Each structure stands twice: as C-alpha cells, then as structure tokens.
Amino acid sequence: MDVTLKVLAARVGGTVAGDPEVRLTGLAGLESAGPGDLCFLRPGTPVERLAGTRAAAVVVAESVAAEGVNLLRVRDPERVFNEIARQLGPKPPPVPVGVHPTAVVDGAAHVDPTAAVGPGTVIEAGAEIGPRTQIGALCYVGHRVRVGADCRFFPRVVVREDTWIGDRAVLEAGVVVGSDGFGWEAGPDGPRRIPQVGRVVLEDDVELGANTTVDRARLDETRIGRGTKLDNLVQVGHNVRIGAHNLYAAQVGIAGTVRIGDGVEMGGQVGISGHLEIGDGVQIGAQSGVMRSVEPGQRLFGSPAVAANLRKRLVLLEPELPGLFRRVKVLEQKVARLEEPAND
Amino acid sequence: MDVTLKVLAARVGGTVAGDPEVRLTGLAGLESAGPGDLCFLRPGTPVERLAGTRAAAVVVAESVAAEGVNLLRVRDPERVFNEIARQLGPKPPPVPVGVHPTAVVDGAAHVDPTAAVGPGTVIEAGAEIGPRTQIGALCYVGHRVRVGADCRFFPRVVVREDTWIGDRAVLEAGVVVGSDGFGWEAGPDGPRRIPQVGRVVLEDDVELGANTTVDRARLDETRIGRGTKLDNLVQVGHNVRIGAHNLYAAQVGIAGTVRIGDGVEMGGQVGISGHLEIGDGVQIGAQSGVMRSVEPGQRLFGSPAVAANLRKRLVLLEPELPGLFRRVKVLEQKVARLEEPAND
Amino acid sequence: MDVTLKVLAARVGGTVAGDPEVRLTGLAGLESAGPGDLCFLRPGTPVERLAGTRAAAVVVAESVAAEGVNLLRVRDPERVFNEIARQLGPKPPPVPVGVHPTAVVDGAAHVDPTAAVGPGTVIEAGAEIGPRTQIGALCYVGHRVRVGADCRFFPRVVVREDTWIGDRAVLEAGVVVGSDGFGWEAGPDGPRRIPQVGRVVLEDDVELGANTTVDRARLDETRIGRGTKLDNLVQVGHNVRIGAHNLYAAQVGIAGTVRIGDGVEMGGQVGISGHLEIGDGVQIGAQSGVMRSVEPGQRLFGSPAVAANLRKRLVLLEPELPGLFRRVKVLEQKVARLEEPAND
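Keep in mind the model is a prediction, meaning the values are calculated, not measured.

Parameters at a glance
- Residues numbered from 1 in each chain as written.
- Chains lettered and ligands numbered in written order.
- Predicted model: local features only at pLDDT ≥ 70, side-chain atom pairs only at ≥ 80, totals over all residues.
- Helix = DSSP H or I, 4+ residues; strand = E, 2+ residues; numbered from the N terminus.
- Buried ≥ 20, exposed ≤ 12 C-beta atoms within 10 Å, placed from the backbone.
- Pairing = 2+ DSSP bridges.
- Least-squares fit on C-alpha atoms with pLDDT ≥ 70 in both.
- Contact = placed C-beta atoms within 7 Å.
- Axes fitted to C-alpha atoms, helices over the stretch in contact; angles between N-to-C directions.
- Nonpolar A, V, L, I, M, F, W, Y, C, P; charged D, E, K, R; others polar.
- Expected span 1.5 Å × (residues − 1).
- pLDDT = per-residue confidence, 0-100.
- Domains from an automatic or database assignment.

Draft legend 1. The overall build of chain A, seen in detail. When its secondary structure is counted, chain A shows 4 helices and 40 strands. Expressed along its principal axes, the backbone C-alpha trace of chain A runs to roughly 95 × 75 × 30 Å. Buried residues in chain A amount to 56% of all 344 residues.

Draft legend 2. Layout of the sheet that holds strand β31 (residues 247-248) of chain B. Residues and elements named next belong to chain B. Strands sit in the order β8-β11-β14-β17-β20-β25-β28-β31-β34-β37-β39-β40 across an open sheet of 12 strands; the sheet is mixed. Of all the strands in the sheet, the pair left with one neighbour each is β8 (98-99) and β40 (306-307). Two elements, strand β25 (residues 207-208) and strand β28 (residues 229-230), share 2 bridges in a ladder whose sense is parallel. Bridge pairing links leucine 208 to leucine 230 in β28.

Draft legend 3. Spatial organisation of the relation of the copies chain A and chain C. Structural alignment of chain A on chain C gives an RMSD of 0.0 Å, achieved by rotating through 120° and translating 0.0 Å along the axis. Look at the turn and shift together and you get a three-fold axis relating the two.

Draft legend 4. Quick peek at the sheet that holds strand β2 (residues 15-17) of chain C. Residues and elements named next belong to chain C. Taken together, the 5 strands give an open sheet; going across it, the order is β2-β7-β6-β5-β4, and neighbouring strands pair in mixed fashion. The open sheet has two free edges, formed respectively by β2 and β4 (26-27), since each of these has just one partner strand. Pairing analysis gives 2 bridges linking β4 to strand β5 (residues 37-40), with the strands arranged parallel. Bridging from a neighbouring strand, leucine 27 pairs with leucine 38 of β5. Helix-sheet contacts for helix α2 (residues 77-88) involve β4, β5, β6 (57-61) and β7 (71-74), and the interaxial angle to β6 is about 140°.

Draft legend 5. Up close: the interface of chain B and chain A. Facing the 54 residues of chain B at the interface are 51 residues of chain A. Of all the secondary structure elements, the ones that give two or more residues to the side of chain B that touches chain A are α2 (77-88) and α4 (321-343) of chain B. Here the side of chain B that touches chain A is composed, by residue class, of 27 nonpolar, 17 polar and 10 charged.

Draft legend 6. Here's a closer look at the interface of chain A and chain C. With 54 residues of chain A at the contact, the number on the chain C side is 51 residues. Among the elements of the structure, α2 (77-88) and α4 (321-343) of chain A are those that each provide at least two residues to the side of chain A that touches chain C. Ranked by residue count, the leading element in the side of chain A that touches chain C is α4(A), at 9 residues. Of the residues contributing to the side of chain A that touches chain C, the split by class is 27 nonpolar, 17 polar and 10 charged.

Draft legend 7. Quick peek at α2(A). Compared with the 16 Å implied by 1.5 Å per residue over 12 residues, the 16 Å span of α2(A) between its first and last C-alpha is a close match. Elements that come into contact with the buried residues of α2(A) comprise α1 (5-12), β4 (26-27), β5 (37-40), β6 (57-61) and β7 (71-74) of chain A together with β22 (184-187) of chain C.

Draft legend 8. A look at the environment of Gly225(A). All names here are of chain A. Here glycine 225 is to be found in the loop between β27 (221-224) and β28 (229-230). Given 23 C-beta atoms within 10 Å, glycine 225 falls into the buried group. Taking the C-alpha atoms as reference points, glycine 225 and asparagine 246, 21 residues apart in sequence, are found 8.0 Å from one another. Ignoring anything within four residues of it in the chain, the contact list for glycine 225 reads Glu203, Ile242, Gly243, Ala244 and Asp262.

Draft legend 9. Inspection of the confidence of the model for chain A at higher detail. Taken as a whole, chain A shows an average pLDDT of 96; of its residues, 99% reach a score of 70 or greater. Scoring of the predicted complex yields 0.97 for pTM and 0.96 for ipTM.

Draft legend 10. View of the environment of Val335(B). Note on placement: Val335(B) falls in helix α4. The buried category is assigned to Val335(B), around which 21 C-beta atoms lie within 10 Å. Val335(B) sits 90 residues away from His245(B) along the chain, and the two C-alpha atoms are 58 Å apart. Setting aside its immediate chain neighbours within four residues, Val335(B) contacts Leu331(A), Lys334(A), Val335(A) and Val335(C).

Draft legend 11. Fine view of the domain arrangement of chain A. Assigned domains within chain A: domain 1 (3-88) and domain 2 (98-309). One C-alpha centre belongs to domain 1 of chain A, the other to domain 2 of chain A; they are set 38 Å apart.

Draft legend 12. Region of the structure containing the pairing of β7(C). Sheet topology places β2(C) next to β7(C); 3 bridges connect them, and they run antiparallel. Considered in β7(C), the bridge of Ala17(C) is made with Leu71(C).

What follows is the structure, encoded as structure tokens:
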C-alpha cells in the first residue's frame, strides 16, 4: 500500500487529526510500528499507549485526542483497520492464471481458462475447476472432484475423488479432504474396513486450516455448511454434518455421524463423541469433551462437558477439595465425641 | 455397480421379497436413497423407517416384512451390505500400473513391474516397492525403504529412509512415517538432538489415517503390529511397540517407548505417557490420559485415566460437589451448636 | 560406522575392558543388539542386563565390571554413546547439492550454490536459500522467504510467503509455516477473515516436528525463539512469541497472542489459551489446559492446570470422592439423631 492519510480518510469515511499528507505504506501493531505504518487503537486501550509509537498514523475512536501522532478518527477503529488491510494490505501472492507446465492435468479434467494451477499439481480425470479458482503448487485434486469459483488451495492440499466444493472455499496447506472414514467390522483376520463410499461436500465460503482432515462418508455425505471456518489440525469424521458459520479452533476432533447446527463455536482441542446432535449457537470451551447431545444455545465447558457456569464453580471448588476431606474428618471426630456421652 | 436384486440375492445367499428384477446401481443410507440405490436396515431399527424410502431395495433381517419396498432378507444385514459394498461398490480410482513419467525414481530403486507409481512421486536409491503396490501422486519414499505387496499409499505420503512396510498396508494422504523421534539432551547451547538411528516397521495390514505421524526409533525400531488401524492425526512416538489389531480413533498420541499389547482400542484424543505398558484387550475412552501401566482387559476412562466404572461414578457425582460443600458447612454449624450445650 | 573399540576409546576418552580390536559397525539397544553393535548401559541399570547381550561392546559407567562382554568405560555412558552416534552413526541421506532438474525455482529466487534443492520442490520469487541448506523433495518455499545456513527441510514442507528462518533450522516432513492465523470478525454473511498480514520468524536452531503448523501473525510476527524444539502435530497460533530453548511434546496447541519465556517445557496434548503469559522455566504436564498466565518456574498439571503438587493431591483424592459422599451422608444421619434428644 502507498496512500496518504487524507485519501484513506475519504475512502473509509473518517476524519484526520494531524498531517493529512503523511504517506502510509504498511500495517503494524502499535509497539512495533515503524515509519510509514498504520496502526489502530482498540477502544478501551489507554491513550497513553500512543505516546511512544513511531507509526505514521493510528486509527482511533472518534473521542480520542493525542498530541504528536496523526490520527484517523472513525466509529469502529478495529473494523475500519481490518477493512483497510483487506483492501490495501499485502495479499498472498496469486497463483499465475493458467496451468503450470509441470502440473499434470488429465485430459478428461476441466480447468476453467481463468483458473490457476500451480507447479507439480495433479488433477485427475473428471475433475472440474471453476472460474478464477487458484490451486497452489503440489496439490492433488482427485477424480470427479468439483471445485467452484474463486476458491484458493494453498500448496500441498489433497482432495480425494468425488468431493464437491462450493465457491470461495479456502483450503490451507496440508489439508486432506475425502480420506476414508474410520469404520471397521470384525473379520476372521482382525478388523476389516467398512467400505467408505460416500463423499465430502464443502459448501460456499468454507475455510479449512493447515493439515486439517475431513473424512468422506461411509454412505451419502460428510457436509460442512456455508461459511464455516475450521482452524489447523482439526479432524472431521465420516458422515458428520456441520451447519453454517461454525468456528472451531485448532485440534478440535469431531467423531463420526455428529450433527451440528448453525453458528456453533468450539475452542481448541475440543472433542465431540460420535452420533451426537449439537444445537444451533452452542459454544464449547477449549479442551472440552462432549459426550451427550446439546440443546441450542448452551454454553459448555470441561471434560466431560457440563454447563459452563457449573464447570466454573467446580473449577473454583477443586482446590478446596483437600480441605473438604479434612473438614469431614474433623466432623467425624467431633460427632464421635458427641455420641460418646450417650454411652456414659 | 449394476446388478439385479435376484443376482445379488444369489450371490450373498439371501431371499428376495418384492421385485427380483429391480436393478441396483448405487449404495446409500435409507433417508437419502434415490432410485437404483441399495440400503440396509439395522436390526432393532423400527420397520416404519422403510416407509418413505425411495430405495430400490433394502437389506433387512430375516424377520422383517414390509409393503411397497423390495427386500433382501439375510441373517446379518449390515455385514452383508458391507460385503456387497466391498465387492461391487465404488473403489478409490487405482494408480495406473507403471511409473508415471513425472515420477523421479532412482536407478538404484526397485519397483515391481506390477506396481504403480503416481505423478511427481520420488523414490530414492535402495527402495523396494512390492507387487501390485500403488504409490499415489506426490509421495516420497526414502532410501532403502521396503514396501511389500498390495499396499496403497494415497497422495502425498512421506516414508523416510530405512522404514519397512509389510503387505496390504494403507497409508492415507499426508502420512509421515520415519520422522526423527523427539529426544534431546542438554548441551552448552540448549537442547541437542539425541541421534535417532532406528527405523519404523509396519507389519502386514496396518492402516494409517490422514496426516498421522510415526517416529523412527532412537535405536532398534518403532513397530506397529499386524492389522492395526490408526485414524487421522495420530502421533506414535519413537520406540513405541504396538501389537496386533489395535484400533485408535483420531488425534491419539502415544509417547515414546510405550509397549501396547494386541486388540487394544482407544477413543479420540487419548494420550499415553512415555515408557508405559498397556496389556492386551485394554479399552480406553476418548480424551483419557493414561499415566500408569495398564493390566490386560482393563477399561479406562478420564484424565487421569481410572477404571471406567469409577470414572462414570465420579462424573455423575461431579455436579453434586457444590451441594456437598454446602452440606458439610451445614453439618459444621449443626455440630458447633451440638457442642455448645457442653459449655453451657 | 566401522571402527575398533580401541580407536573409539581413544576418540571419546574412555578405557577398554575386553577385546580392544573388536569391530563396531552399528548401534543398538541392549536386548536387540547383534554382532558388531555398540550399546550403552544407563547408570543404575543392573549389570545383569549385560549377561545375554550379543553386542560387540557396551558403553558403561567407570565402576561397571562384567565378564564376557567388551566394555568401554566412561564417565557418562549415555552422553558418550549419543556423541558416538552423532559422529559415526547413520545420518539422514543428504539432498544432493544443487537444484534437482525437476525442481521449479523462480528466476528471481536466490539459492546458494552450496545449497541443495530436491526433486519437485517449488521455490518462489524473492526467496533466499542459505549456504549448505538442504531443501528436500516436494517442498514449497514461498515468495520472499529467507532461509539461513545449514538448515534441513525434510520432504513436503510448506513455508509460505515472507517467513524468516535462521540457521540450522530443521523442519520435518509435512510442516506448514506461515498459514493464515485464525481471526474472524462478524460480517453480513457470516464470519469474515481478519487479514493476517504479519510473518513468521523462526530463530536459529529451531526444529519443528512432522505435520506441525505455525500460523503467520495478524500484524508484526509470530516468533519461535532460538533452539526451541517442537514435536509432531503441534499448533502455534498467530502472534505467539515463544522464547529460547522450549521443548513441547506432540499435539500441543498454543492459541493466539500467547507470550512464552525461555526454557519452558510442555508434555503432549497441552493446550494454552489465548493472550496468556507463561514465564521462564515453566513446566506443564501432559494434557494440561492452561487458562491463566503463569509465573516463572511454576510446575503445572491438569485441565484446568493448577500447581502440579495440588493436582497430584487432587488426583489421589479423586477415587475417595464416592466414599466422601457416603461419609457425609452418615454424618448427616448421626447429627440428625444427635439433634433429636433436644426435641424429646
């Protein structure tokens, strides 16, 4: 980016205090900002934090005043800063449009002429890559996979056969979609795999973090709903159905055949046991282990997960437990003494 | 698949109720089945579930009767359905036999002429790939790795040097076998790696899920026994020895030098501390943390893992804890009052 | 390796008991050692363990005496054995110096002439690869990434744009560095990504285990300090700052904006909540969940993490809880009976 504060203010609808002609060439946090950088001050943060900054300008709330630093006053500084970053900030370098000469695209695959396929990437027969979609280097797109428009696969993504992916999906490096589900039946020589002949469907605007894995269904489909975002190293088991606009932090694991509503949020390392139903808007704290179905709107925490309020009380009581054992022992002694006189 | 119900019945030894000439072209779940699909009804499921189905036929228990839907009656519907899926259902597209022209196979590697090596795959000197084994796209097979017959590597598997893999192994996309174990000793400038000069041995019929990692031994070997199946994102530390026919769900972590018997099962996100022994047939519930060796046949649950029965009792008592604190307080007050008269 | 015990003793400064001319050609554990192998006996292990060994020689403490086995007596057997392994043991086969003809190196990248780039690897414009650094097969090194001297990337590593990596870094297979951080703001159509425009910095001697992921910062940098070693499948969130010489076991997850001091150690599957500060020298037991900032030198354990001593007491008390409930019930009955006479 390279823009004056004045131009920026006009663009985002804010007012300037200080030098409107200062040039902004980068984005940074307050502490580390150097000349040319634009920062923001979260409402509620003491204005004194602006004192030492070398930033060229700071996006602040409308009420903020400060000497010796150029301000861009707006109603919602963080949101405006994010919008500036979105519009003017650095972006992941695009994959050049067209098929890289080292890519191996089957003659029976269809790659839209506006799509981009990076070096070393393999696209199998029957796959379809939509307009403006960018498939990075060293990816594997299996047979009959359909990828919509404006998607981005970072390097080294694997999407196995028959997966359907909507528009604007983002798959980070190392993602695996469509691996076989973990289903076994007893056989004469140990466990035999139950055939996993379903598919994975990722609806529009789904984003999957680095090295996250999504298993194909045993039958029918594993489905991740519109706008749902999963962080890194998340596991989604076979036949799971996740609704719209879920957010899961890293290392969450969803066992098979779980049904999850819309707007559900999970902290890191949460585990959900198989065959449960999780209602809309449920929020689950980090490291929780959910072993029962959950009504809509509940907030859960702990392993096993219980109502977050109860868990918080239990967590506070926990250090008191050794004392409780001592108190009961004292009571037992006292009661024994109280019982004695009756025998006198 | 494309087969009539009559032919199928003859093949699996069942009896037809309804139209024996109906053509079966796919496999599906009851709810989502469309014309041409074969489904199954688990014994115990109400027969009313058959009412709305559009399935062409349903595999049912011998006692099931229903109007308006074609039935294939067998003794064990799910097992028969799985067998049909195994024999006639869709399969992962095979890697074409031979070495893809973009693969990089060292002149001192040996690839069986019936084996298949996908595009972009790298096979180093001294590696041996057995008959009918399929190595997918973009895999890396290191120096002196031995892979047996009829194995399948999905795309982007890494097997580092000196690993031995038996017959019929399945390695899902993103698997890493033979990474250095996590062993350090204090050095003048911080931790120094303890050399990890052992290997990994995967016995026959081992299957590893997507992005699962298995570390090479410090000395000797890390070994996974015959027929053991690990789900996605599982970690197996150095010098671990796992017996035959184990089943571990996703995100399990086994620390170094653990010895595990045969037929052990673990739920998702279980952790096993280093240097423990886990006996044959042990079953460990999801998210458990095992910090002591375990006798054969035990069922454990929780973090720290205790006998599953005890853990279930503890879990039920947990919500009663705040009440217990109140009850003890009440007792203390009552006992204080009871003690008073003595002072009167 | 192929060296006589005499030569080895001179090299490491030990004394020989037995045949100084025995040839040592391998390294092994005591139980599995075959002819030609060198082993070590940990001080404290009973000398009887030497009895059955077929090892050619064993590195032992200076006080150890044993018949029928060749000994190399030194002050610190394990450390000396490790040093021998480091100097003479097998090493991961090097990537041949130079750029493999199948690698795709942008004309605007700089690869030091002493560096090695494996088959299929992609190096983007502006990247710099330092002297003697080995980039294995099928890696992706993004735009403007700087990699120092003497680094080793195992196959299939992804380092996204603008990452800085110091000297002697080791990245195991499947590592992803520089993936977008997990930050979202509410938008009209569901969550919108907060732009992640910072970088990742790995200081000298950092080592990352297989399939570990490190997210780029939202702004500024995610930084892993000098000599820090992370095991497999670890997640490091955006804007995390980890100090020097940390050691984390597998499947640890560090949420965003956590600050961690020097010399911190974590067991497997530990989770650290976002925005916390963890002081120097903190030790955190496996599966712990840390939800508060931690003073230097603390030892924590459990989920939620508390002082390890307290947690150990709580763990011991846990099985006594059902009994405590019974004891309180008995007390309540006794106290009720004691209260009765007053009503008489």
